[in-house]
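Here is what each chain is made of, one letter per residue.
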Amino acid sequence: MSNIHGISSFNDQGGGGGPGGAPGQPQAPQGGYGWGQQGYADVEAPGVIPAGHVSLIRVSGGAFPELVDLFCPRFRWLCFTTIISAVQVIMLVVSLIVGAEMFGAAFVKGNEMGGPSTSTFLYLGAKYLPNIQAGQVYRFVTPVFLHGGILHLASNLFFQCRVGYIFELRWGLANYIATYFLTGIGATYFSCLMSPKTVSVGASGALFGLIGADISYLVMNWAFLPNQEKYQELCIVICILLINFLLGVSGGSDGNIDNSAHFGGLVFGLLIGYALTNLLQPEDPKGRYYRMFGWGSYIGLSVICLPCIFLVVHA
(Lines give C-alpha, C1' and ligand atoms only; values in the text may rest on other atoms or scores of the structure.)
Protein backbone atom coordinates (compact mmCIF):
# COMPACT_ATOMS: atom_id res chain seq x y z
CA MET A 1 0.00 0.00 0.00
CA SER A 2 1.29 3.36 -0.95
CA ASN A 3 0.90 6.66 0.79
CA ILE A 4 -0.28 10.13 -0.03
CA HIS A 5 2.86 11.92 -1.10
CA GLY A 6 3.74 15.50 -0.36
CA ILE A 7 5.21 16.44 -3.71
CA SER A 8 6.75 19.74 -2.73
CA SER A 9 10.18 18.31 -3.51
CA PHE A 10 9.44 17.86 -7.22
CA ASN A 11 10.95 20.19 -9.76
CA ASP A 12 8.78 22.20 -12.06
CA GLN A 13 11.42 21.71 -14.74
CA GLY A 14 11.69 18.58 -16.79
CA GLY A 15 15.13 17.61 -15.64
CA GLY A 16 15.75 18.27 -11.96
CA GLY A 17 14.38 18.03 -8.45
CA GLY A 18 13.41 21.00 -6.32
CA PRO A 19 10.42 22.47 -4.48
CA GLY A 20 7.48 22.45 -6.22
CA GLY A 21 -32.16 -9.14 -6.95
CA ALA A 22 -32.57 -10.65 -3.64
CA PRO A 23 -29.91 -12.49 -1.68
CA GLY A 24 -29.54 -16.22 -2.15
CA GLN A 25 -30.87 -18.66 0.42
CA PRO A 26 -28.73 -19.64 3.45
CA GLN A 27 -26.27 -22.39 2.76
CA ALA A 28 -23.07 -23.89 4.08
CA PRO A 29 -19.96 -21.71 4.14
CA GLN A 30 -17.85 -21.83 0.99
CA GLY A 31 -14.99 -19.89 -0.48
CA GLY A 32 -16.32 -16.88 -2.35
CA TYR A 33 -19.42 -16.66 -0.16
CA GLY A 34 -20.20 -14.18 2.56
CA TRP A 35 -21.77 -14.59 5.99
CA GLY A 36 -24.90 -12.47 6.29
CA GLN A 37 -27.41 -11.91 9.02
CA GLN A 38 -29.27 -15.11 8.24
CA GLY A 39 -26.29 -17.27 7.43
CA TYR A 40 -24.11 -17.61 4.36
CA ALA A 41 -25.50 -16.15 1.18
CA ASP A 42 -24.28 -16.18 -2.40
CA VAL A 43 -22.79 -12.72 -2.87
CA GLU A 44 -22.11 -13.45 -6.51
CA ALA A 45 -25.82 -13.42 -7.41
CA PRO A 46 -26.45 -11.04 -10.34
CA GLY A 47 -27.56 -7.57 -9.35
CA VAL A 48 -27.07 -8.10 -5.63
CA ILE A 49 -25.04 -5.85 -3.33
CA PRO A 50 -25.64 -7.44 0.08
CA ALA A 51 -25.00 -5.48 3.24
CA GLY A 52 -24.06 -8.52 5.36
CA HIS A 53 -20.62 -9.75 6.26
CA VAL A 54 -18.34 -10.85 3.42
CA SER A 55 -15.10 -12.56 4.30
CA LEU A 56 -11.84 -10.67 3.83
CA ILE A 57 -9.97 -13.96 4.31
CA ARG A 58 -11.58 -16.57 2.09
CA VAL A 59 -10.53 -16.81 -1.54
CA SER A 60 -10.94 -19.53 -4.16
CA GLY A 61 -10.03 -22.98 -2.97
CA GLY A 62 -6.93 -25.01 -3.73
CA ALA A 63 -3.24 -24.47 -3.13
CA PHE A 64 -3.10 -21.81 -5.86
CA PRO A 65 -6.03 -19.37 -5.67
CA GLU A 66 -7.05 -17.63 -8.86
CA LEU A 67 -5.18 -14.40 -9.56
CA VAL A 68 -8.40 -12.41 -9.42
CA ASP A 69 -8.89 -13.60 -5.82
CA LEU A 70 -5.35 -12.69 -4.87
CA PHE A 71 -5.46 -9.16 -6.25
CA CYS A 72 -9.16 -8.28 -6.70
CA PRO A 73 -11.33 -10.64 -4.62
CA ARG A 74 -15.05 -10.39 -5.44
CA PHE A 75 -14.16 -8.43 -8.58
CA ARG A 76 -17.10 -6.97 -10.50
CA TRP A 77 -17.07 -4.67 -13.49
CA LEU A 78 -20.05 -2.51 -12.55
CA CYS A 79 -19.24 -1.29 -9.07
CA PHE A 80 -17.72 1.78 -7.43
CA THR A 81 -14.31 0.21 -6.75
CA THR A 82 -13.81 -0.55 -10.44
CA ILE A 83 -15.07 2.86 -11.52
CA ILE A 84 -12.96 4.90 -9.09
CA SER A 85 -9.89 2.83 -9.97
CA ALA A 86 -10.46 3.47 -13.68
CA VAL A 87 -10.93 7.20 -13.05
CA GLN A 88 -7.66 7.31 -11.10
CA VAL A 89 -5.81 5.58 -13.95
CA ILE A 90 -7.31 8.03 -16.45
CA MET A 91 -6.32 10.98 -14.27
CA LEU A 92 -2.73 9.76 -14.10
CA VAL A 93 -2.64 9.62 -17.90
CA VAL A 94 -4.13 13.13 -18.01
CA SER A 95 -1.52 14.41 -15.54
CA LEU A 96 1.28 12.98 -17.67
CA ILE A 97 -0.15 14.63 -20.78
CA VAL A 98 -0.65 17.95 -19.00
CA GLY A 99 2.86 17.74 -17.59
CA ALA A 100 4.34 17.13 -21.00
CA GLU A 101 2.27 19.72 -22.87
CA MET A 102 2.05 22.55 -20.34
CA PHE A 103 4.89 22.14 -17.85
CA GLY A 104 7.78 20.77 -19.87
CA ALA A 105 7.86 17.06 -19.01
CA ALA A 106 5.66 14.07 -18.18
CA PHE A 107 8.38 12.70 -15.89
CA VAL A 108 10.78 14.73 -13.75
CA LYS A 109 13.85 13.57 -11.89
CA GLY A 110 12.64 14.89 -8.56
CA ASN A 111 9.53 12.72 -8.64
CA GLU A 112 10.59 9.28 -7.46
CA MET A 113 7.11 7.89 -8.09
CA GLY A 114 7.47 8.34 -11.85
CA GLY A 115 5.32 11.33 -12.70
CA PRO A 116 5.21 15.04 -13.53
CA SER A 117 6.07 18.16 -11.55
CA THR A 118 4.41 19.96 -8.66
CA SER A 119 3.01 22.61 -10.99
CA THR A 120 1.13 19.93 -12.90
CA PHE A 121 -0.60 18.67 -9.76
CA LEU A 122 -1.38 22.17 -8.54
CA TYR A 123 -3.02 22.87 -11.89
CA LEU A 124 -5.10 19.67 -11.68
CA GLY A 125 -6.35 20.15 -8.11
CA ALA A 126 -3.81 18.92 -5.58
CA LYS A 127 -4.24 19.85 -1.92
CA TYR A 128 -2.52 23.16 -1.25
CA LEU A 129 -3.63 25.26 1.70
CA PRO A 130 -3.22 28.78 0.22
CA ASN A 131 -5.43 27.82 -2.73
CA ILE A 132 -8.04 26.28 -0.43
CA GLN A 133 -8.07 29.40 1.73
CA ALA A 134 -8.53 31.44 -1.44
CA GLY A 135 -11.82 29.64 -2.05
CA GLN A 136 -10.82 26.57 -4.06
CA VAL A 137 -12.61 24.20 -1.67
CA TYR A 138 -12.86 21.51 -4.33
CA ARG A 139 -9.25 20.72 -3.37
CA PHE A 140 -10.61 18.94 -0.28
CA VAL A 141 -11.85 16.22 -2.68
CA THR A 142 -9.80 16.28 -5.88
CA PRO A 143 -6.56 14.87 -4.38
CA VAL A 144 -8.33 11.49 -4.12
CA PHE A 145 -8.37 11.25 -7.92
CA LEU A 146 -4.73 12.24 -8.45
CA HIS A 147 -1.50 10.32 -7.82
CA GLY A 148 2.11 11.41 -7.82
CA GLY A 149 3.21 8.89 -10.43
CA ILE A 150 3.00 5.36 -11.76
CA LEU A 151 4.43 3.68 -8.63
CA HIS A 152 2.21 5.73 -6.34
CA LEU A 153 -0.92 4.76 -8.27
CA ALA A 154 0.06 1.09 -8.60
CA SER A 155 0.63 0.63 -4.88
CA ASN A 156 -2.62 2.39 -3.97
CA LEU A 157 -4.61 0.43 -6.54
CA PHE A 158 -3.25 -2.86 -5.20
CA PHE A 159 -4.59 -2.16 -1.74
CA GLN A 160 -7.78 -0.51 -2.98
CA CYS A 161 -8.71 -3.49 -5.14
CA ARG A 162 -7.63 -6.02 -2.52
CA VAL A 163 -10.13 -4.78 0.06
CA GLY A 164 -12.46 -2.39 -1.80
CA TYR A 165 -14.68 -4.95 -3.51
CA ILE A 166 -15.20 -6.77 -0.21
CA PHE A 167 -15.95 -3.66 1.84
CA GLU A 168 -18.35 -2.49 -0.86
CA LEU A 169 -20.30 -5.74 -0.57
CA ARG A 170 -20.21 -5.66 3.23
CA TRP A 171 -21.37 -2.12 3.83
CA GLY A 172 -23.51 -1.51 0.78
CA LEU A 173 -22.78 0.70 -2.21
CA ALA A 174 -23.99 4.05 -0.84
CA ASN A 175 -22.31 3.59 2.55
CA TYR A 176 -19.04 2.55 0.93
CA ILE A 177 -18.97 5.56 -1.39
CA ALA A 178 -19.79 7.92 1.49
CA THR A 179 -17.08 6.35 3.67
CA TYR A 180 -14.51 6.64 0.88
CA PHE A 181 -15.06 10.33 0.18
CA LEU A 182 -15.81 11.50 3.73
CA THR A 183 -12.59 9.96 5.01
CA GLY A 184 -10.68 11.33 2.01
CA ILE A 185 -11.94 14.79 2.90
CA GLY A 186 -11.02 14.23 6.55
CA ALA A 187 -7.51 13.27 5.46
CA THR A 188 -7.22 16.58 3.62
CA TYR A 189 -8.41 18.44 6.74
CA PHE A 190 -5.57 16.98 8.79
CA SER A 191 -3.05 17.57 6.01
CA CYS A 192 -4.02 21.24 5.88
CA LEU A 193 -3.72 21.57 9.65
CA MET A 194 -0.54 19.56 10.23
CA SER A 195 1.31 19.96 6.91
CA PRO A 196 0.08 23.31 5.60
CA LYS A 197 3.04 23.94 3.31
CA THR A 198 2.90 20.68 1.37
CA VAL A 199 1.32 19.95 -1.98
CA SER A 200 -0.31 16.53 -1.68
CA VAL A 201 -2.16 14.07 -3.89
CA GLY A 202 -3.35 10.49 -3.54
CA ALA A 203 -6.13 8.24 -2.32
CA SER A 204 -4.17 6.86 0.64
CA GLY A 205 -6.05 9.06 3.10
CA ALA A 206 -9.30 7.48 1.94
CA LEU A 207 -7.71 4.01 2.07
CA PHE A 208 -6.60 4.61 5.64
CA GLY A 209 -10.17 5.72 6.23
CA LEU A 210 -11.44 2.36 4.98
CA ILE A 211 -9.14 0.64 7.45
CA GLY A 212 -10.42 2.85 10.26
CA ALA A 213 -14.02 2.14 9.27
CA ASP A 214 -13.29 -1.58 9.19
CA ILE A 215 -11.96 -1.40 12.75
CA SER A 216 -15.26 0.21 13.80
CA TYR A 217 -17.14 -2.50 11.88
CA LEU A 218 -15.23 -5.21 13.75
CA VAL A 219 -15.87 -3.53 17.10
CA MET A 220 -19.61 -3.20 16.49
CA ASN A 221 -20.02 -6.76 15.21
CA TRP A 222 -17.35 -8.56 17.24
CA ALA A 223 -19.85 -10.81 19.05
CA PHE A 224 -21.51 -11.88 15.79
CA LEU A 225 -18.45 -12.71 13.66
CA PRO A 226 -16.86 -16.18 13.37
CA ASN A 227 -14.08 -16.40 15.96
CA GLN A 228 -11.16 -17.44 13.76
CA GLU A 229 -12.04 -15.00 11.01
CA LYS A 230 -12.39 -11.92 13.20
CA TYR A 231 -9.02 -12.49 14.85
CA GLN A 232 -7.37 -13.08 11.47
CA GLU A 233 -8.86 -9.89 10.06
CA LEU A 234 -7.84 -7.89 13.11
CA CYS A 235 -4.27 -9.15 12.69
CA ILE A 236 -4.30 -8.12 9.02
CA VAL A 237 -5.52 -4.62 9.89
CA ILE A 238 -2.90 -4.20 12.63
CA CYS A 239 -0.14 -5.37 10.28
CA ILE A 240 -1.24 -2.90 7.58
CA LEU A 241 -1.15 -0.05 10.08
CA LEU A 242 2.25 -1.06 11.48
CA ILE A 243 3.81 -1.41 8.03
CA ASN A 244 2.53 1.98 6.94
CA PHE A 245 3.61 3.55 10.22
CA LEU A 246 7.14 2.29 9.65
CA LEU A 247 7.08 3.48 6.04
CA GLY A 248 5.84 6.86 7.19
CA VAL A 249 8.56 7.18 9.82
CA SER A 250 11.27 6.19 7.36
CA GLY A 251 10.07 8.27 4.42
CA GLY A 252 8.07 11.12 5.90
CA SER A 253 11.02 13.33 6.80
CA ASP A 254 11.94 14.00 3.17
CA GLY A 255 8.53 15.45 2.34
CA ASN A 256 7.43 12.58 0.09
CA ILE A 257 4.88 11.07 2.50
CA ASP A 258 2.04 13.07 4.00
CA ASN A 259 1.68 11.25 7.33
CA SER A 260 -0.83 13.79 8.58
CA ALA A 261 -3.23 12.81 5.80
CA HIS A 262 -2.86 9.14 6.73
CA PHE A 263 -3.57 9.90 10.36
CA GLY A 264 -6.55 12.07 9.45
CA GLY A 265 -8.03 9.41 7.20
CA LEU A 266 -7.65 6.79 9.92
CA VAL A 267 -9.26 9.00 12.60
CA PHE A 268 -12.19 10.05 10.42
CA GLY A 269 -12.59 6.44 9.29
CA LEU A 270 -12.83 5.23 12.87
CA LEU A 271 -15.55 7.81 13.53
CA ILE A 272 -17.63 7.50 10.36
CA GLY A 273 -17.37 3.71 10.52
CA TYR A 274 -19.75 3.73 13.49
CA ALA A 275 -22.25 5.69 11.39
CA LEU A 276 -22.02 3.96 8.00
CA THR A 277 -20.75 0.38 8.25
CA ASN A 278 -23.45 -2.21 8.69
CA LEU A 279 -24.67 -3.89 11.86
CA LEU A 280 -24.99 -7.63 11.40
CA GLN A 281 -27.67 -7.62 14.11
CA PRO A 282 -29.83 -4.53 13.45
CA GLU A 283 -31.83 -5.24 16.58
CA ASP A 284 -28.72 -4.78 18.73
CA PRO A 285 -29.80 -2.12 21.30
CA LYS A 286 -26.37 -0.49 21.04
CA GLY A 287 -26.83 0.16 17.32
CA ARG A 288 -28.61 3.48 17.81
CA TYR A 289 -25.82 4.77 20.04
CA TYR A 290 -23.16 3.65 17.55
CA ARG A 291 -24.87 5.71 14.83
CA MET A 292 -25.30 8.77 17.05
CA PHE A 293 -21.66 8.60 18.14
CA GLY A 294 -20.40 8.13 14.57
CA TRP A 295 -22.27 11.04 13.01
CA GLY A 296 -21.90 13.31 16.02
CA SER A 297 -18.15 12.82 16.33
CA TYR A 298 -17.51 13.13 12.57
CA ILE A 299 -19.51 16.34 12.29
CA GLY A 300 -18.04 17.70 15.54
CA LEU A 301 -14.45 17.10 14.43
CA SER A 302 -15.19 18.65 11.04
CA VAL A 303 -16.66 21.72 12.73
CA ILE A 304 -13.44 22.07 14.72
CA CYS A 305 -11.14 21.53 11.72
CA LEU A 306 -12.74 23.87 9.19
CA PRO A 307 -12.47 27.16 11.13
CA CYS A 308 -8.88 26.31 11.99
CA ILE A 309 -8.08 25.68 8.33
CA PHE A 310 -9.52 28.99 7.15
CA LEU A 311 -8.83 31.26 10.12
CA VAL A 312 -5.93 29.94 12.17
CA VAL A 313 -3.42 28.01 10.06
CA HIS A 314 -1.18 29.81 7.57
CA ALA A 315 1.13 28.21 5.03
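Residues numbered from 1 in each chain as written. Predicted model: local features only at pLDDT ≥ 70, side-chain atom pairs only at ≥ 80, totals over all residues. Heavy atoms only, no water.

**Observations concerning the side chain of R139**
Right, so step 1: With respect to the helices and strands, the residue R139 is situated in the loop between α4 (129–133) and α5 (150–171).
Right, so step 2: In this structure R139 comes out as buried when scored by relative accessible area, which is 3%.
Right, so step 3: Excluding residues that lie within four positions of it along the chain, R139 makes contacts with L122, G125, A126, K127, Y128, N131, I132 and T188. (Helix = DSSP H or I, 4+ residues; strand = E, 2+ residues; numbered from the N terminus. Buried < 20%, exposed > 50% of the residue type's maximum accessible area, 1.4 Å probe, protein only. Contact = heavy atoms within 4.5 Å.)

**Brief notes about the nonpolar core**
Right, so step 1: Judged by nonpolar contacts, the single largest core of 27 residues is most densely connected at F167, W171, Y176, Y180 and L210.
Right, so step 2: Mapped by element, the contributors of at least two residues to this core are α2 (80–102), α5, α6 (173–194), α7 (204–221) and α8 (227–251).
Right, so step 3: Counting residues per element, this core draws most heavily on α7, which supplies eight residues.
Right, so step 4: Among all residues touching L210, those that are not within four sequence positions of it are F167, W171, Y176, T179 and Y180.
Right, so step 5: Counting residues in each nonpolar core, the second largest holds 18 residues, with I185, Y189, I272 and C305 among its members. (Core = buried A, V, L, I, M, F, W, Y, C linked by side-chain atoms within 4.5 Å.)

**Some points on the environment of D284**
Right, so step 1: Inspection of the secondary structure assignment puts D284 in the loop between α9 (259–276) and α10 (287–312).
Right, so step 2: In this structure the C-alpha to C-alpha distance between D284 and M220, which are 64 residues apart in sequence, comes to 9.5 Å.
Right, so step 3: Dropping the residues within four chain positions of it, D284 is found in contact with M220, F224 and Y290.
Right, so step 4: Within the structure, D284 has its side chain in polar contact with the backbone nitrogen of K286 (distance 3.0 Å). (Polar contact = N/O pair within 3.5 Å; in protein donor to acceptor, adjacent residues only side chain to side chain.)

**Thoughts on the packing of aromatic side chains**
Right, so step 1: With the rule as written, the count across this model stands at 22 aromatic pairs.
Right, so step 2: Relative to F181, the ring of F80 has its centre 5.8 Å away and its plane inclined at 70°; by these criteria the two rings are edge-to-face. A residue pair is termed long-range when its members are at least 10 positions apart, and F80 in helix α2 and F181 in helix α6 qualify at 101 residues.
Right, so step 3: Between Y176 and Y180 the ring centres are 6.4 Å apart and the planes differ by 45°, which places this aromatic pair in the tilted class. In this pair, Y176 and Y180 are both assigned in helix α6, four residues apart and thus about one turn of the helix distant. Judged on exposure class, the residue Y176 and its partner Y180 are both buried. (Phe/Tyr/Trp six-rings, centres within 6.5 Å; stacked < 30°, edge-to-face > 60°.)

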